[in-house]
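Structure at a glance
Here is how the chains run, residue by residue.
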Amino acid sequence: MQLLSRLVSRHPWAVLIVWLVAALLSVPLAARAPSALTANAAGTLSDTESSRVITLLRDKFREKDTNMALLITRSNPPLNTPEGQANYAKFIEGLKDVQGVSQVVEARNAGTLSTQSADAVMGLTIAQIPLNDGATQSVRAIRQYAQKVKSPALDVRVTGGQAIADDFTEFAEKDTKRSEFVALPLIAALLLLVFGALVATGLPLVVGVLSITVAMAGLYGLTFLMEVSTFAQSVITMLGLGAGIDYALLMVNRFREELRRMNGDSRAASARTVLSAGRSVGFSGLTVAIAMAGLIIPHVTFVRSIGIGGVLVVLLTVLASITALPAMLTLLGERVNSPRILKIGWAQSGEASAGWTAFARRVTARPWLAFGLSSALLLLLSIPAWGMRVGYSGAWGIVPGVESRDALADVRKLGAGGLLSQFEVVLDLEGRRYGPDDRRKFQQLVEELRALPDTRGVLSPFVTSADLGGSTSNAEAIGALSALTRRSFSQDRQYLRVTVVPSDTLRADQIAEHEERIRDVLSRSGYRYLLGGAPIGEKEWSHQITGALPTVVAAVFAGTFLLLLVAFRSLLIPLKSILTNALTVGAAAGVVTEIVQNGLLAAPLGIPVDVGIIDASLPVMLFAVMFGLSMDYEIFLLSRVQEEHLRGKSNDEAVVEAIGHTARIITSAAIIMFIVFGAFVFGRVIASKSIGLGLAVAVLLDATLVRLVLVPSFLKLAGRWNWWLPGWLDRRLPQMHLEH
């Protein structure tokens with residue numbers, strides 16, 4: 001740190017030129033990043049049951065285009081009129097020529113899966129498209145065609161699994177940009193109140209934007225190596241703005257203080273700022289990076305990309321805060337305080353706040369009451385989290401008003417919602433070829449599956465006239481039966497395929513019940529089988545993430561404990577920090593569950609009341625981000641407590657003095673974080689809204705109830721045990737010195 005402080009104070013122009021070049025090179029790459037991100041996480045795991053089904057369908061059944069785009073049409077005049085039928089036939093012919101479309105299934109008014117409304121106004125057309133490679137391009141081409149043919153006589157809207165995922169990605173990007181647009185002016189106004197000067201106000205914003213730009217360029221590079229989640233962009237923006245402005249707030253505040261002490265010597269003040277506040281910023285950033293690194297543990301590239309993006313932006317934010325920012329401060333000197341807009345900033349360093357000092361004395365005067373009430377409130381808020389239901393959110397992850405979600409509602413009205421939740425069954429004849437002796441056994445299995453509750457239909461070679469769609473001619477019936485036969489038998493006749501279509505689209509919390517019924521029938525059949533399809537792939541993806549949560553929590557707790565142990569030379573402080581931060585995370589998770597899943601106060605926040613689940617990636621993401629950011633305020637406060645304690649003050653007085661000196665800066669930083677995170681609540685992607693809501697609640701609780709009530713009361717009750725460390729351990733730990 002000594003070397004770094006000399007570098008930024010003696011060679012500020014060189015440091016800034018390096019950052020300027022990095023920013024200029026990053027801008028075009030950062031602009032390309034959003035379009036390279038994906039939300040299509042479910043079904044991308046390897047070596048799972050659903051992935052083996054996909055492989056068998058591709059290799060044994062030559063089924064490559066197992067994905068679907070669903071097109072809802074509204075005809076005026078209706079389809080049962082000559083003119084309406086002519087318009088629809090012309091639309092179908094053009095759809096068959098769209099790039100990526102391999103087969104088109106027209107709307108019909110008969111059969112088990114009728115896809116036409118009773119009044120013949122609304123119809124469902126199915127377009128077969130590739131499963132992975134080319135799926136996005138195919139949906140884009142279909143949407144362009146739909147826009148081209150749309151007219152008063154025929155309205156066309158597109159939905160389907162890929163269309164939903166593409167909308168998810170698109171609106172996540174738009175929400176991020178809109179959140180930045182909303183948050184930045186509010187943050188600038190708040191910083192002006194904090195510093196009272198325009199130049200000082202602009203510096204934290206520069207640091208935040210600089211770190212986000214370079215991090216997004218790095219994220220774009222990562223897309224060439226792995227699948228990168230669209231959430232990574234939101235996390236980078238949240239951390240880059242929130243943490244970046246927080247760290248810059250601390251650095252600028254300390255520089256102004258040092259500038260007064262050094263009689264205007266900007267080089268000396270900058271060097272001293274790096275050695276003091278810069279060290280705390282680096283340590284704080286390291287704790288956040290450790291928490292974000294926990295997301296790399298799950299064997300899901302989608303989630304790992306978020307962890308890598310989070311670590312990247314945090315490290316860049318710290319680097320910008322302790323290099324680019326001090327370099328700018330060195331060059332600015334006293335001009336950092338100009339032009340003066342307010343006589344004195346709200347959180348300007350100097351004397352301790354009399355109000356906050358008095359508040360701290362009241363808290364420490366009744367520590368058991370403060371500790372008990374604050375802990376009880378946090379535990380009460382945490383209760384809903386125990387009933388959290390997680391899974392792949394799909395269409396429920398987007399608010400109404402988005403085409404793919406609204407069109408899916410029409411698909412469900414037609415009774416065809418189960419097309420997006422089909423179960424694919426592959427039966428293994430174990431090396432035998434299908435023969436006449438297998439027919440009765442296979443047919444019995446199909447009939448048992450067809451008889452299951454909430455099952456709309458079963459696609460197999462054993463069909464009724466209703467299954468064939470009420471074909472009006474023998475030729476049509478023979479053609480339909482031939483198509484079903486081809487899809488039901490592998491080319492070597494050693495595998496059989498059955499598709500079970502539920503009565504409606506299955507939400508994540510409804511999958512298990514249907515799966516259990518199907519597996520029960522399959523287990524009794526005597527066949528060796530694999531069960532796949534969208535519901536199974538979504539469930540496997542969810543379990544892969546949620547199953548890794550205990551490991552993520554343990555790893556983050558262990559890393560944080562070791563860092564705090566070294567920094568504060570105490571066994572109790574790290575344990576207390578982990579427990580209080582865990583309470584904050586639990587309370588915020590409980591609030592998110594109650595609002596997003598259970599629907600309490602959902603409508604005023606623009607969250608649909610039918611979401612019903614929490615996206616599987618959210619618990620682990622919320623834990624990592626919330627736990628890491630909560631440590632920022634922990635370090636801001638504890639470093640000051642330790643500083644006062646080392647100066648010889650009693651434990652109680654050190655706590656009171658620390659609150660008096662840090663409360664304003666913590667409050668200012670928390671309001672900034674709250675604005676950044678709160679801006680995401682007003683987006684159109686439920687997952688981003690949930691993350692923003694959870695982080696906003698966590699920051700609000702952490703900077704008020706936890707940091708200013710729970711922690712001081714605990715430190716008061718612990719007394720001298722706060723700083724207890726066995727001598728043998730103290731001698732073996734590396735030395736680290738933190739300053740507020």
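Structural notes, computed from the coordinates. (Residues numbered from 1 in each chain as written. Predicted model: local features only at pLDDT ≥ 70, side-chain atom pairs only at ≥ 80, totals over all residues. Heavy atoms only, no water.)

**Brief notes about the overall build of the protein**
Helix and strand content of the protein: 23 helices and 10 strands. The C-alpha atoms of the protein give 30 Å as radius of gyration, which agrees with the globular expectation for 740 residues (27 Å, within 12%). Taken along its principal axes, the extent of the C-alpha atoms in the protein is 100 × 50 × 45 Å. Looking at the protein alone, contacts between residues at least 24 apart form 82% of all its contacts between residues at least 6 apart. Taken as two groups, the 68 positive and 60 negative side-chain charges of the protein have centres that lie 7 Å from each other. (Helix = DSSP H or I, 4+ residues; strand = E, 2+ residues; numbered from the N terminus. Rg over C-alpha atoms; globule rule 2.2 N^0.38 Å. Contact = heavy atoms within 4.5 Å. Lys, Arg positive; Asp, Glu negative; His and termini not counted. Charge placed at Lys NZ, Arg CZ, Asp CG, Glu CD.)

**Re helix 21 (residues 651–678)**
A turn of α-helix holds 3.6 residues, and therefore any two residues three or four places apart point the same way. At T662, helix 21 shows its largest bend, some 45°. Summarising burial for helix 21: 22 of the 28 residues are buried, a large majority. (Bend = angle between axes of the 7 residues up to and from the residue. Buried < 20%, exposed > 50% of the residue type's maximum accessible area, 1.4 Å probe, protein only.)

**A word on the pairing of strand 8 (residues 495–502)**
Within strand 8, eight of the eight residues are buried, which leaves it mostly tucked inside the rest of the structure. Burial of strand 8 is two-sided: the residues Y495, R497, T499 and V501 facing one way and the residues L496, V498, V500 and P502 facing the other way are all buried. Pairing of strand 6 (residues 423–428) with strand 8, which is carried by six bridges, proceeds in the antiparallel orientation. Within the sheet, the bridge partner assigned to F423 lies in strand 8 and is V500. Pairing between strand 7 (residues 455–459) and strand 8: four bridges, direction antiparallel. Looking across to strand 8, one finds that L459 is bridged to T499. (Pairing = 2+ DSSP bridges.)

**Considering the pairing of strand 3 (residues 122–129)**
Within strand 3, eight of the eight residues are buried, leaving the element largely enclosed by the surrounding structure. The side-chain alternation of strand 3 yields two buried faces, one formed by M122, L124, I126 and Q128 and the other by G123, T125, A127 and I129. In the sheet, strand 1 (residues 67–75) pairs with strand 3 via eight bridges, with the strands oriented antiparallel. Of the residues in strand 3, the one forming a bridge with L71 is T125. Alignment of strand 2 (residues 103–105) against strand 3, held across three bridges, turns out to be antiparallel. The residue bridging V105 from the neighbouring strand is I126, located in strand 3.

**Thoughts on the sheet that holds strand 6**
With respect to topology, four strands assemble into an open sheet ordered 7-8-6-9, the strand pairing being antiparallel. Every other strand in the sheet has two partners, leaving strand 7 and strand 9 (528–533) as the edge strands with one partner each. Ignoring which end each strand starts from, the neighbouring axes of this sheet average 20° apart. Across six bridges, the pairing between strand 6 and strand 9 is antiparallel. (Axes fitted to C-alpha atoms, helices over the stretch in contact; angles between N-to-C directions.)

**Remarks on a nonpolar patch on the surface**
Taken together, W13, I17, V21 and L25 make up a surface patch of nonpolar side chains, about 450 Å² in accessible area. With respect to the helices and strands, the residue L25 is situated in helix 2 (residues 12–36). (Patch = residues over 30% accessible without salt bridge, like charges linked within 9 Å, V, L, I, M, F, W, Y side chains within 5 Å. Areas by Shrake-Rupley, 256 points an atom, 1.4 Å probe, with all protein chains shown as cover. Salt bridge = Lys/Arg side-chain N within 4 Å of Asp/Glu carboxyl O.)

**What about the sheet that holds strand 1?**
Pairing is antiparallel in the open sheet, where four strands are placed in the order 2-3-1-4. In the strand order of this sheet, the two ends are held by strand 2 and strand 4 (154–159), each with one partner. Put simply, the sheet's adjacent strands are angled 25° from each other on average, direction ignored.

**Overview of the packing of aromatic side chains**
In this description, an aromatic ring pair is defined by two values, namely the gap between the centres and the angle between the planes. If you walk through the whole model with that rule in mind, you get 13 aromatic pairs. Relative to F91, the ring of Y88 has its centre 5.9 Å away and its plane inclined at 40°; by these criteria the two rings are tilted. Pair noted here: Y88 and F91 are both in helix 4 (residues 82–96), with a separation of three residues, about one helical turn. F91 shares its class with Y88; the two are buried. (Phe/Tyr/Trp six-rings, centres within 6.5 Å; stacked < 30°, edge-to-face > 60°.)

**Here we look at unusual backbone geometry**
Here the bond from N76 into P77 is cis, since omega is 10°, no more than 30 degrees from zero. Along the chain, the position of P77 falls in the loop between strand 1 and helix 4. Positive phi outside glycine occurs at N263, with the angle close to 55°. Counting through the fold element by element, N263 comes out in the loop between helix 8 (231–261) and helix 9 (266–275). The class of N263 is exposed, set by a relative accessible area of 73%. Positive phi outside glycine occurs at E430, with the angle close to 55°.

**Comments concerning the nonpolar core**
Counting 173 residues, the largest nonpolar core has L124, I187, M292, L325, Y633 and F677 as the members making the most contacts within it. Once residues within four sequence positions are removed from consideration, M292 is found in contact with V235, L239, I306, G307, G310, V311, A624 and V625. Listed in part, the 25 residues of the second largest apolar core include L427, V446, V521 and Y527. (Core = buried A, V, L, I, M, F, W, Y, C linked by side-chain atoms within 4.5 Å.)

**Concerning the packing of helix 20 (residues 617–646) against helix 21**
Following both chains from N to C, one finds helix 20 and helix 21 inclined at 165°, their axes separated by 9 Å at the closest point. The angle between the axes of helix 20 and helix 21 places the two elements in the roughly antiparallel class. Note on packing geometry: the crossing formed by helix 20 with helix 21 is right-handed. Residues L629, D632, Y633, F636, L637, R640, V641, E644 and H645 of helix 20 lie in contact with helix 21, whose contacting residues are A654, V655, E657, A658, I659, H661, T662, I666, A669, A670, M673 and F677. Class assignment of the residues belonging to the contact of helix 20 with helix 21 gives a composition of 14 nonpolar, three polar and four charged. (Parallel < 35°, antiparallel > 145°, perpendicular 65-115°, else oblique. Left-handed = near helix turned anticlockwise from the far one by under 90°. Nonpolar A, V, L, I, M, F, W, Y, C, P; charged D, E, K, R; others polar.)

**Some points on helix 3 (residues 49–59)**
Turning to helix 3, its buried residues number three or more, namely E49, S50, S51, V53, L56 and L57. Along its buried surface, helix 3 packs onto strand 6, strand 8, helix 17 (511–525), strand 9 and helix 18 (534–568).

**Re the side chain of R707**
Counting through the fold element by element, R707 comes out in helix 22 (residues 686–718). In this structure R707 comes out as buried when scored by relative accessible area, which is 0%. At 3.2 Å, the side chain of R707 forms a polar contact with the side chain of N581. Beyond its immediate sequence surroundings of up to four residues, R707 is in contact with T580, N581, S630, Y633, E634, L637, I659, I666, D702 and P712. (Polar contact = N/O pair within 3.5 Å; in protein donor to acceptor, adjacent residues only side chain to side chain.)

**Focus: the pattern of salt bridges**
On inspection of all chains with the given rule, the structure shows 39 salt bridges. A salt bridge links D438 to R432; the nearest nitrogen and oxygen atoms lie 3.2 Å apart. Look at D438 and you get buried, because its relative accessible area is 7%. Where E634 meets R707, a salt bridge forms, and the shortest distance between an N and an O atom there is 1.9 Å. Here R707 lies in helix 22 and E634 lies in helix 20, a separation of 73 residues in the sequence. When salt bridges with common partners are traced through the structure, they connect R254, E257, E258, R261 and R272 into a single cluster.

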